[in-house]
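Residue-level listing of the chains:
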Amino acid sequence: MTKSKFIIVAVDGGAAAGKSSTSRALSQRFGLMHVDTGSFYRATTLKLMEVAVSPEDEAAVSDALSKITIGTSISGNTASITVDGRIPNASIRSQAVNEKVSQFAALPKLRTFLLDYQRSQVEVARTNGFSGLIMEGRDIGSVIFPDADLRLYLFADPAKRAQRRAKEGISDSVEKRDQMDSSRKTAPLQCPDGATLLDSSDMTLEEVIEKVSSWIEEIISP
Ligand code: DC
């Protein structure tokens, strides 16, 4: 029996575009390891906030990052970052972190700090027997895995996205974060050339999952 190809799926898009729900469902359907890189930026932002480092003070950011140890913990199909041995809790999704994360994420120092770690998740997925990796974020198809088997860019109407967050009871200015994430110099949020754009504004989550599943099936069994 031939072993099926190990696949990499990159999922990018704005805040609350449906990346996590879609990626989680696809990871279970296809036996992929799910990695949410937004949680990496959130967890490191929280750590930097805890040690009272400001995003304006790049030297202090560098110094604080050099003292942080990151690792990976796997539960089911999900790989989580660990910071100094701990899996981040719900506080990485607090309003305080929502307000600061885009500022920290714009810093080349932090992006470089997380770059190799993100790429190393391929090896983690392989050694843990997954059929592939599905990684979501803002620059996965443009910077982290430009050669991914599928580079998906999920778009959704900003008003719909704000409604989704409100329904989850989360205070998050999605448009403001998108504006900051799209306008930064390093690895801005954008639909990279050649990526597959899916506008999910008028689609249900199930429809999005079915659509992307059909694209993944084509890669697995062309
Ligand atoms: O996906 P999220 O909303 O949890 O991401 C939080 C922030 O992290 C987002 O506003 C921008 C940043 N981010 C990034 O710059 N690059 C990524 N690959 C993932 C997230």
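Residues numbered from 1 in each chain as written. Predicted model: local features only at pLDDT ≥ 70, side-chain atom pairs only at ≥ 80, totals over all residues. Heavy atoms only, no water.

Draft legend 1. Layout of the site of the ligand. The immediate surroundings of the ligand are formed by 16 residues, with Arg42, Arg111, Arg177, Asp181 and Arg184 found nearest. One of the side-chain nitrogen or oxygen atoms of Arg177 is found 2.8 Å away from an oxygen atom of the ligand. Expressed as a share of its isolated accessible area of 450 Å², the protein-covered part of the ligand is 98%. Those elements that place two or more of their residues in the shell around the ligand are α2 (37-50), α4 (95-105) and α9 (174-183). Counting residues per element, the shell around the ligand draws most heavily on α2, which supplies four residues. (Near = heavy atom within 4 Å. Polar contact = N/O pair within 3.5 Å; in protein donor to acceptor, adjacent residues only side chain to side chain. Areas by Shrake-Rupley, 256 points an atom, 1.4 Å probe, with all protein chains shown as cover. Helix = DSSP H or I, 4+ residues; strand = E, 2+ residues; numbered from the N terminus.)

Draft legend 2. Inspection of the packing of helix α1 (residues 19-30) against helix α10 (residues 205-220) at higher detail. Direction vectors running N to C along α1 and α10 enclose 45°, while the axes themselves pass 10 Å from each other. As far as their axial angle goes, α10 and α1 are oblique. Between α1 and α10 lies a crossing whose hand is right-handed. Contacts from Ser21, Thr22, Ala25, Leu26, Arg29 and Phe30 in α1 reach Leu205, Val208, Ile209, Glu210, Val212, Ser213, Ile216, Glu217 and Ile220 in α10. For the contact of α1 with α10, the residue count by class is nine nonpolar, three polar and three charged. (Axes fitted to C-alpha atoms, helices over the stretch in contact; angles between N-to-C directions. Parallel < 35°, antiparallel > 145°, perpendicular 65-115°, else oblique. Left-handed = near helix turned anticlockwise from the far one by under 90°. Contact = heavy atoms within 4.5 Å. Nonpolar A, V, L, I, M, F, W, Y, C, P; charged D, E, K, R; others polar.)

Draft legend 3. Structural context of the pairing of strand β5 (residues 132-137). The buried fraction of β5 amounts to six of the six residues, a majority that puts the element mostly inside the structure. Residues of β5 alternate between two faces, with Gly132, Ile134 and Glu136 on one and Leu133, Met135 and Gly137 on the opposite face, all of them buried. Across six bridges, the pairing between strand β1 (residues 7-13) and β5 is parallel. The residue bridging Asp12 from the neighbouring strand is Gly137, located in β5. Across five bridges, the pairing between strand β2 (residues 32-36) and β5 is parallel. For Met33, the partnering residue across the bridge sits in β5 and is Leu133. (Buried < 20%, exposed > 50% of the residue type's maximum accessible area, 1.4 Å probe, protein only. Pairing = 2+ DSSP bridges.)

Draft legend 4. Quick peek at the environment of Ala64. With respect to the helices and strands, Ala64 occurs in helix α3 (residues 58-66). For the pair Ala64 and Thr82, spaced 18 residues apart in sequence, the C-alpha to C-alpha distance is 16 Å. With sequence-adjacent residues up to four places away left out, Ala64 is seen in contact with Leu48, Val51 and Val53.

Draft legend 5. The arrangement of the pattern of salt bridges in detail. In total, this model carries ten salt bridges according to the counting rule given. A salt bridge links Glu210 to Arg29, with the shortest nitrogen-to-oxygen separation between them at 2.7 Å. Placement of Glu210 in helix α10 and of Arg29 in helix α1 is noted, with a sequence separation of 181 residues between them. Classification of Glu210 by relative accessible area gives partly exposed; the value is 46%. With a closest N to O distance of 2.9 Å, Arg111 and Asp139 form a salt bridge. Taken together, the residues Arg111 in helix α5 (residues 108-119) and Asp139 in the loop between β5 and α7 (140-144) connect sequence positions 28 residues apart. As far as the burial class goes, Arg111 and Asp139 line up, both buried. Among the charged side chains, a network of salt bridges with common partners joins Arg138, Asp181 and Arg184. (Salt bridge = Lys/Arg side-chain N within 4 Å of Asp/Glu carboxyl O.)

Draft legend 6. Geometry of the packing of helix α8 (residues 158-167) against α9. Remark: α8 packs on α9, axes separated minimally by 9 Å, with the N-to-C direction vectors making an angle of 120°. The orientation of α8 with respect to α9, classified from their angle, is oblique. Across the interface between the two elements, Pro158, Arg161, Ala162 and Arg165 from α8 touch Val174, Glu175, Arg177 and Asp178 from α9. Broken down by class, the residue content of the contact of α8 with α9 amounts to three nonpolar, no polar and five charged.

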